[in-house]
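Residue-level listing of the chains:
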Amino acid sequence: MSTKDKSSNLDIDKLKVAVNRSSKKFAIVCSEWNPEIINRLLEGAYSFFDKIGITNDEIFELKVPGSFELIYACSKVQSFEKYDAILAIGSIIRGETSHFKYISQSVFDGIKDLNINGKAPIILCLLTDDNYQQALDRSGGKYGNKGFDCAAAAVEVSLIWNI
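No experiment lies behind these values; they were computed from the predicted model shown. (Residues numbered from 1 in each chain as written. Predicted model: local features only at pLDDT ≥ 70, side-chain atom pairs only at ≥ 80, totals over all residues. Heavy atoms only, no water.)

A.B. asks: Describe the packing of helix α3 (residues 35–51) against helix α7 (residues 146–158), and please don't skip the residues or the numbers.
C.D. replies: Contact pair α3 / α7: the axes reach a minimum separation of 6 Å and the direction vectors enclose 45 degrees. If you check the angle between α3 and α7, you find them oblique. Considering how the two elements wind past one another, α3 and α7 form a crossing that is right-handed. Judged by residue contacts, Leu41, Gly44, Ala45, Ser47, Phe48, Phe49 and Lys51 of α3 engage Lys146, Gly147, Phe148, Ala151, Ala152 and Val155 from α7. In terms of residue class, the contact of α3 with α7 is made up of eight nonpolar, three polar and two charged. (Axes fitted to C-alpha atoms, helices over the stretch in contact; angles between N-to-C directions. Helix = DSSP H or I, 4+ residues; strand = E, 2+ residues; numbered from the N terminus. Parallel < 35°, antiparallel > 145°, perpendicular 65-115°, else oblique. Left-handed = near helix turned anticlockwise from the far one by under 90°. Contact = heavy atoms within 4.5 Å. Nonpolar A, V, L, I, M, F, W, Y, C, P; charged D, E, K, R; others polar.)

A.B. asks: Outline the packing of aromatic side chains, listing residues and values.
C.D. replies: The geometry of two aromatic rings is summed up by the distance between their centres and the angle between their planes. Across all of its chains, the model carries five aromatic pairs by this definition. Ring centres 6.2 Å apart and planes at 65 degrees place the aromatic pair phenylalanine 48 and phenylalanine 49 in the edge-to-face group. Following the ring pairs from residue to residue traces out a cluster consisting of Phe26, Phe48, Phe49 and Phe148. (Phe/Tyr/Trp six-rings, centres within 6.5 Å; stacked < 30°, edge-to-face > 60°.)

A.B. asks: How would you explain the sheet that holds strand β3 (residues 85–93) if you had to name every residue and give the values?
C.D. replies: Ordered by their spatial adjacency, four strands build an open sheet running β2-β1-β3-β4, and the pairing between neighbours is parallel. Looking at the sheet topology across the chains shown, the edges are occupied by β2 (60–64) and β4 (122–129). Here the strands of the sheet are splayed against their neighbours by 15 degrees on average, with no regard to which way each runs. In this sheet, β3 lies alongside strand β1 (residues 26–31) in parallel orientation, the contact comprising five bridges. The partner of cysteine 30 across the bridge, within β3, is isoleucine 89. Packing of α7 onto the sheet brings it into contact with β1, β3 and β4, and relative to β4 it is tilted by some 160 degrees. (Pairing = 2+ DSSP bridges.)

A.B. asks: How would you sum up unusual backbone geometry? Please name residues and give values.
C.D. replies: A positive phi angle, close to 55 degrees, is found at asparagine 34, a residue other than glycine. Residue placement: asparagine 34 occurs in the loop between β1 and α3. Judged by its relative accessible area of 17%, asparagine 34 falls in the buried class. The backbone of glutamate 81 sits at a positive phi, close to 55 degrees, despite the residue not being glycine. Tracing the backbone through its elements, the reader meets glutamate 81 in the loop between α4 (70–79) and β3. For glutamate 81, a relative accessible area of 56% corresponds to the exposed category. (Buried < 20%, exposed > 50% of the residue type's maximum accessible area, 1.4 Å probe, protein only.)

A.B. asks: Describe in detail the environment of tyrosine 46, supporting the description with residues and values.
C.D. replies: For tyrosine 46, the location among the structural elements is in helix α3. Taking the C-alpha atoms as reference points, tyrosine 46 and phenylalanine 80, 34 residues apart in sequence, are found 22 Å from one another. Other than its neighbours up to four places away in sequence, tyrosine 46 contacts Ile28, Asn56, Ile59 and Glu61.

A.B. asks: Break down the packing of α4 against helix α5 (residues 99–117) for me, with residues and values.
C.D. replies: Closest axis-to-axis distance for the α4/α5 pair is 9 Å, and the angle between their directions is 15 degrees. As far as their axial angle goes, α5 and α4 are roughly parallel. Of the two possible hands of crossing, α4 and α5 adopt the one that is right-handed. The segment α4 lies against α5, with Leu70, Ile71, Cys74, Ser75 and Gln78 engaging Ser106, Val107, Gly110, Ile111 and Leu114. Here the residues of the contact of α4 with α5 are counted per class, giving six nonpolar, four polar and no charged.

Pasting the structure below:
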């Protein structure tokens, strides 16, 4: 589902009221690898947070060298027990070796394990694309912006405990 489809299903006003009423706190942990893609995903995420009344300076942001390091950094941020949801943003683009496969699977497994055992949900916004154009298309291009989608998911998941 593209952002264009998903955003029409979101009730932004409802989320805005729920988040403001509950004073939710969010963190973003992002990779510095593939910076153009990461910056586009961050723009999407911050755009969503802005739509619901959360400013950039209200969000804790931590940068790590690559997507593999998202696991450790998210674990540390989770241990602070200050955030209602964490958004992990990374981009892995297939190369000529099997490195792509091992790093991608490790990140998925690591974040899954943190979600099972941790105190705050981690929404994984990890693009795993075959080429650079696919990454562009999913970070603000023809398939929307997965940063926006994942920020929305982080907010929605953070509200589960309010039910």
